[in-house]
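The residues making up each chain are set out below.
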Amino acid sequence: MLYSKTHQLKKGGETIELRSAGAADAEAMIELLNKVDRQTKYLSREPGEFTASIEEEANWLKNAESDETSLQLIAFHQGEAVGCCGISPIAAKRRFVHRAVLGMMVEQGFQGRGLGRLMLETSIGLCKQAGFEQLELEVVAQNLRAIALYSSLGFEVVGRMPNALKYADGSRAAVYDMVKPL
Ligand SMILES: CC(C)(COP(=O)(O)OP(=O)(O)OC[C@H]1O[C@@H](n2cnc3c(N)ncnc32)[C@H](O)[C@@H]1OP(=O)(O)O)[C@@H](O)C(=O)NCCC(=O)NCCS
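Residues numbered from 1 in each chain as written. Predicted model: local features only at pLDDT ≥ 70, side-chain atom pairs only at ≥ 80, totals over all residues. Heavy atoms only, no water.

Here the focus is the nonpolar core. One finds Leu115, Leu120 and Tyr150 to be the most contacted residues of the largest nonpolar core, which totals 34 residues. Only strand E2 (15-20), strand E3 (71-77), strand E4 (80-89), strand E5 (99-106), helix H3 (115-129), strand E6 (134-140) and helix H4 (144-152) provide two or more residues apiece to this core. The element best represented in this core is H3, accounting for 7 residues. With 15 residues, the next largest nonpolar core counts Ala21, Ile30, Leu33 and Phe50 among its residues. (Core = buried A, V, L, I, M, F, W, Y, C linked by side-chain atoms within 4.5 Å. Buried < 20%, exposed > 50% of the residue type's maximum accessible area, 1.4 Å probe, protein only. Helix = DSSP H or I, 4+ residues; strand = E, 2+ residues; numbered from the N terminus.)

And the structure:
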């Protein structure tokens with residue numbers, strides 16, 4: 001899927017260039033993922049576990065850009081990547097074509113300014129255009145900001161996996177499955 005538009009954030013008014021990422025964004029994307037992995041316990045990786053090379057990431061982004069059912073959105077502020085949001089089909093099988101899965105992150109310094117909402121609203125619109133019928137995601141049960149955002153846009157909790165994550169320090173977290181009909 002392709003997307004490109006400039007937005008002003010609702011809180012703060014910063015100008016954000018939001019667009020589908022392509023091969024040329026591989027380095028910026030890797031840097032962003034590694035940065036946010038170090039900032040939060042609410043993603044699925046320990047810091048340093050994202051190990052794709054620039055070439056591998058470039059191929060992944062190139063494929064997503066040319067695939068009409070996948071999207072890797074990247075948000076830039078003054079040339080620096082500050083957020084991203086990915087959508088892909090849940091599986092490449094006929095019986096699953098109606099379901100998409102979403103993951104997103106905003107760099108700590110930009111959280112709470114409306115960028116998450118902007119990326120999610122944009123992604124929901126693009127998923128509808130692509131013909132998906134439901135959008136799904138997983139969220140750590142303590143991630144109240146994310147759950148508030150998802151709920152406000154029509155996602156509902158449909159399940160809870162206890163001890164879904166076990167962190168390097170031995171602590172654990174449950175994860176909710178959330179679904180939004182499109
Ligand atoms: C979750 C995340 C993507 C949200 O993005 P964001 O840019 O911070 O979110 P927004 O600024 O658009 O606002 C989210 C909403 O949560 C609300 N909110 C903020 N802090 C909150 C809190 N502690 N409890 C409840 N709601 C809260 C805000 O009021 C806002 O609602 P509003 O638009 O009606 O004012 C971002 O915080 C993030 O990347 N966190 C770390 C990684 C992560 O958790 N990714 C998601 C994995 S499922």
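Still more to cover.
We now examine H4. Buried within H4 are the following residues: Ala146, Ile147, Leu149 and Tyr150. Down the axis of H4, the smallest arc covering the buried residues is 160°, so these residues share one side. Across from the buried face of H4, at angles greater than 90 degrees, the exposed residues are Leu144 and Arg145. Buried residues along H4 sit in contact with E5, H3, E6 and strand E8 (172-181). Gly154 sits one or two positions beyond H4 and adopts a positive phi of about 95°. (Arc of directions from axis to C-beta. Contact = heavy atoms within 4.5 Å.)

To continue, consider the pattern of salt bridges. Inspection of the entire model under this criterion finds 8 salt bridges. The shortest N-O distance in the salt bridge between Asp25 and Arg19 comes to 2.8 Å. When sorted by exposure, Asp25 lands in the same class as Arg19, which is buried. Each of Glu17, Arg19 and Asp25 takes part in a single network of salt bridges with overlapping partners. (Salt bridge = Lys/Arg side-chain N within 4 Å of Asp/Glu carboxyl O.)

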